[in-house]
Amino acid sequence: MFRRFSANFAVFSMLLDAALVAAMLFLSASIRYALNEWSFVKEVLAPVVLPWGLYLAFPIIWVGVLLLFSVYDGRRNLRVVDEFGSLTLGSILATVAMAGILYFSYRETSRFLFLLFVVTTWLAMLVWRGVVRLAFRRQWSRNLQRRRVLILGAGVVGRRLEQQIQQQPFLGLEITGFLDDSPTKQSAPGVLGHLDQVRDIVQQKSIEDIIIALPLSAYQRLNQMVSILHDLPVRVWVIPDYFSLTMHRAAVEDFAGIPMLDLRAPALSEYQRMIKRAFDLFICVIGFPFALVAMGLVALAIRLEGPGPIFYCPLRVGENGRLFRMFKFRTMIVGADKLQSQVTKKDAQGHEIHKIPDDPRVTRVGRFLRRKSLDELPQILNVVRGEMSLVGPRPEMPELVDKYEPWQRKRFVVPQGMTGWWQVNGRSDRPMHLHTEDDLYYVQHYSIWLDLQILVRTVWVALRGKGAF
């Protein structure tokens, strides 16, 4: 009855969360007096009795904030990192709201009690969601409660959909097979017959979902398929054959009452962009005093080594292909750009390699700065100005971008970063323009928690100095 993603499950989740908030508040108040024995806890003189209004207000506030963060929308929280991330951010905002209520009403409430209540409630919400995910995954592994899917069209789009579903078993979907009119596809694996057999196949195989993934040349069959299926208890989905034209993803938006397909929908939602920007600014504010000291020492070292500018500000390609000046410490001799042709090499496949380990243009100080990634520190100014992010695909040289294949340009749909997935998985050992798939992995799997993971790994990689030259 409480199948995941159903309306019943969403309502059940909200009621359970509300009950947990009230229960943990009562539990925290009940044990607060007994915790006087802890030396770091301020003593209370009597057992705590909270006003009944808080037991009503706090569940409403917490669940209401989680609703705003789409925590109860199972389809938007397929991955555990997305659900737990939204839950955590929503819980932080709910905590601030509830603290404000206490400040303006019941200011005598123990701060330790409130902290204990918040932490235990958040942990309880995480635990029950984790248990439910494990239970559903166990059911799906036993082929229980799996939705049987029939795909109309065994071409590129249909096969790509099959791969995506197979890679995500937690969706609870089972591909029953394909139908296709093309004679060349009749003998292909999984093809059950022609499109005209759709009614018979649906009834014989107990199909619950039909996905139409026909090429543009076969779209005259779309109306026929919908008409044939109109009286059967199946859901019909359509994948337009336009996705090869998208930069990253497509989205359906309403324009003057007419649904339209946006082929260049932003890779990050407005909420994700807001969180990413706030995260960047927060880290910059915290780290800027330390970075300023380090940059002062680096600037002094560059000046003492010899004449020439301290900074190097090359032109780079940023988000959506916009050009900007990226700040770096100069690590090469003056006029190094004019000598680029002398160090450019080609690999066995004929690809140009622009960075080499023994580049004679790199200065002694510059070699150390590159190995420890200290030459990148001034880019914190690019982050503050909004031209870059702390984490994202690395900004590329315009002359290399001009040689990109269309699929490689998808790396520019998010803000370019000081560090990223490429940097923590090889750096200069794997030329960036030849490993765009690392950037696309980041784009497709973006979350604030992935940013945190990359930042932590960046510190370790920089300290080791591996793969940097």
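Up top is the structure these notes are about.
Just so you know, these numbers come straight off a predicted model, no measurement behind them. (Residues numbered from 1 in each chain as written. Predicted model: local features only at pLDDT ≥ 70, side-chain atom pairs only at ≥ 80, totals over all residues. Heavy atoms only, no water.)

Points about the nonpolar core
Generally speaking, soluble globular proteins have nonpolar side chains that are buried together. To keep things clear, this is the line we draw: The set of buried Ala, Val, Leu, Ile, Met, Phe, Trp, Tyr and Cys residues whose side-chain atoms join them within 4.5 Å is what this entry labels a nonpolar core. Exposure categories follow from relative accessible area, calculated using a 1.4 Å probe and restricted to protein chains: below 20% of the type maximum is buried, above 50% is exposed, and the middle band is partly exposed. We count a stretch as a helix when DSSP gives it H or I for four or more residues in a row; a strand needs E for two or more, and each element gets its number in order from the N terminus. Contacts between residues were defined by any pair of non-hydrogen atoms, one from each residue, lying within 4.5 Å.
With 34 residues, the main nonpolar core has I302, F329, L390, V414, Y442 and I454 as its most contacted residues. Here this core takes eight residues from helix α8 (residues 270-305), the largest share from any one element. Not counting chain neighbours up to four residues away, the residues in contact with L390 comprise F279, D280, I283, C284, V383, G417, M418, T419 and L455. By size, the runner-up hydrophobic cluster in this structure holds 31 residues, among which are M24, F58, V65 and L66.

Regarding the pairing of strand β1 (residues 147-152)
The cut-off we apply is this: Strands were regarded as paired on the criterion that DSSP finds at least two bridges between them.
Where β1 meets strand β2 (residues 173-179), six bridges bridge the pair, whose relative direction is parallel. Each bridged residue has a counterpart across the sheet, and for L152 the counterpart in β2 is L179. Of the strand pairs in this sheet, β1 and strand β4 (residues 209-212) are connected by four bridges, and their pairing is parallel. The residue of β4 that forms the bridge with L150 is I210.

Looking at a nonpolar patch on the surface
Our working definition: Exposure above 30% relative accessible area and the absence of a salt bridge qualify a residue for a patch, where like charges join within 9 Å and nonpolar side chains (Val, Leu, Ile, Met, Phe, Trp, Tyr) within 5 Å. Areas reported here follow the Shrake-Rupley algorithm with a probe of radius 1.4 Å; residue values treat only the protein chains shown as occluding. Criterion for a salt bridge: a side-chain nitrogen of Lys or Arg within 4 Å of a carboxyl oxygen of Asp or Glu.
A contiguous nonpolar surface patch, about 410 Å² in accessible area, is contributed by W52, L56 and I60. Along the polypeptide, I60 turns up in helix α2 (residues 52-68). By relative accessible area, which is 57% here, I60 ends up exposed.

Quick word on the environment of S389
Going by this rule: Any pair of N or O atoms that falls within 3.5 Å is considered a polar contact. Within protein, one atom must be able to donate a hydrogen and the other to accept it, and sequence-neighbouring residues count only if both atoms are side-chain atoms.
Mapped onto the elements, S389 comes out in strand β14 (residues 389-391). Counting along the chain gives 29 residues from S389 to M418, while the straight-line C-alpha distance between them is 6.5 Å. Residue contacts for S389: discarding those within four places in its chain leaves K276, D280, V383, P415, Q416, G417 and M418. Separated by 3.3 Å, the side chains of S389 and K276 make a polar contact.

Considerations on empty space enclosed by the protein
For clarity, the cut-off: Method remark: on a 1 Å grid restricted to protein atoms, a set of points is classed as a cavity if a 1.4 Å probe fits but cannot get out and as a pocket if it is open with protein on both sides within 12 Å along at least five of seven lines; lining residues have an atom within 4 Å of a point. Grid points are joined across faces, edges and corners, and a volume is the space filled by probe spheres set on the points. Nonpolar residues are Ala, Val, Leu, Ile, Met, Phe, Trp, Tyr, Cys and Pro. Charged residues are Asp, Glu, Lys and Arg, and all others, Gly as well, are polar.
One pass over the structure, following the stated rule, counts one cavity of 30 Å³ or more. As a volume, the largest cavity reaches approximately 30 Å³. If you trace the largest cavity, you find it lined by L25, L50, L54, F58, L102, T109, L113 and F114. Counting residues per element, the ones that place at least two in the lining of the largest cavity are α2 and α4 (111-141). Here the residues of the lining of the largest cavity are counted per class, giving seven nonpolar, one polar and no charged.

Observations concerning the packing of α2 against helix α3 (residues 80-104)
We count it as follows: To get an axis, a line is fitted to the C-alpha atoms, and for a helix only the part in contact is used. The angle between two axes follows their N-to-C directions and goes from 0 to 180 degrees. Here a crossing is taken to be left-handed if its near helix is turned anticlockwise relative to the far helix by less than a right angle, and right-handed if that turn runs clockwise.
At a minimum axis distance of 8 Å, the contact between α2 and α3 shows a crossing angle of 145°. Pair α2 / α3 crosses with right-handed handedness. Here α2 contributes L54, F58, I61, W62, V65 and L66 to the contact with α3, which in turn contributes L87, G90, S91, L93, A94, A97, M98, I101 and L102. The residue makeup of the contact of α2 with α3, split by class, is 13 nonpolar, two polar and no charged.

Focus on the packing of aromatic side chains
Note the cut-off: Stacked, tilted and edge-to-face are the three classes assigned to paired rings of Phe, Tyr and Trp, where Trp is represented by its six-membered ring and a pair needs centres within 6.5 Å; plane angles under 30 degrees give stacked, over 60 edge-to-face, the rest tilted. Comment: the charge-over-ring label is applied if NZ (Lys) or CZ (Arg) is within 6 Å of the ring centre and within 35 degrees of the ring normal.
Within the structure shown, the criterion is met by 11 aromatic pairs. Their ring planes at 80° and their centres at 6.3 Å tell us that F12 and W128 sit as a pair that is edge-to-face. With F12 in helix α1 (residues 7-32) and W128 in helix α4, this pair connects stretches of sequence that are 116 residues apart. Here F12 falls in the partly exposed class, since its relative accessible area comes to 31%. Taking the centre distance of 5.1 Å and the plane angle of 90° together, the rings of Y103 and F104 count as edge-to-face. What makes Y103 partly exposed here is its relative accessible area of 46%. For F104, a relative accessible area of 71% gives the class exposed. Positioned above the aromatic ring of F412 is the side chain of R411, whose terminal nitrogen or guanidinium carbon lies 5.0 Å from the ring centre.

Here we look at helix α14 (residues 448-464)
This is how it is decided: By definition here, a helix of n residues has an expected span of 1.5 Å times n minus one. Taken from the helix axis, the directions to the C-beta atoms give the arc we talk about.
Over its 17 residues, α14 runs 25 Å from end to end, which matches the ideal 24 Å to within 8%, given 1.5 Å per residue. Those residues of α14 that fall on the buried side of the exposure criterion are I448, L450, D451, I454, V461 and A462. Looking down the long axis of α14, one finds its buried residues gathered within 135° of arc, a one-sided arrangement. Across α14 from its buried face, at more than 90 degrees, point the exposed residues V456, V459, W460 and L463.

Structural notes on the pattern of salt bridges
Tallied over the full model, the rule gives 15 salt bridges. With a shortest N-O distance of 2.8 Å, R133 and E83 are connected by a salt bridge. Taken as a pair, R133 in helix α4 and E83 in helix α3 lie far apart in primary sequence, 50 residues in all. Neither R133 nor E83 differs from the other in exposure class; each is buried. A salt bridge links R411 to D439; the nearest nitrogen and oxygen atoms lie 2.8 Å apart. Of this pair, R411 sits in the loop between α12 (398-401) and β15 (417-419) while D439 is found in helix α13 (residues 436-444), placing the two residues 28 residues apart along the sequence. Residue R411 shares its accessibility class with D439, and that shared class is buried. Within the structure, one salt-bridge network assembled from shared partners comprises D17, E83, R129 and R133.

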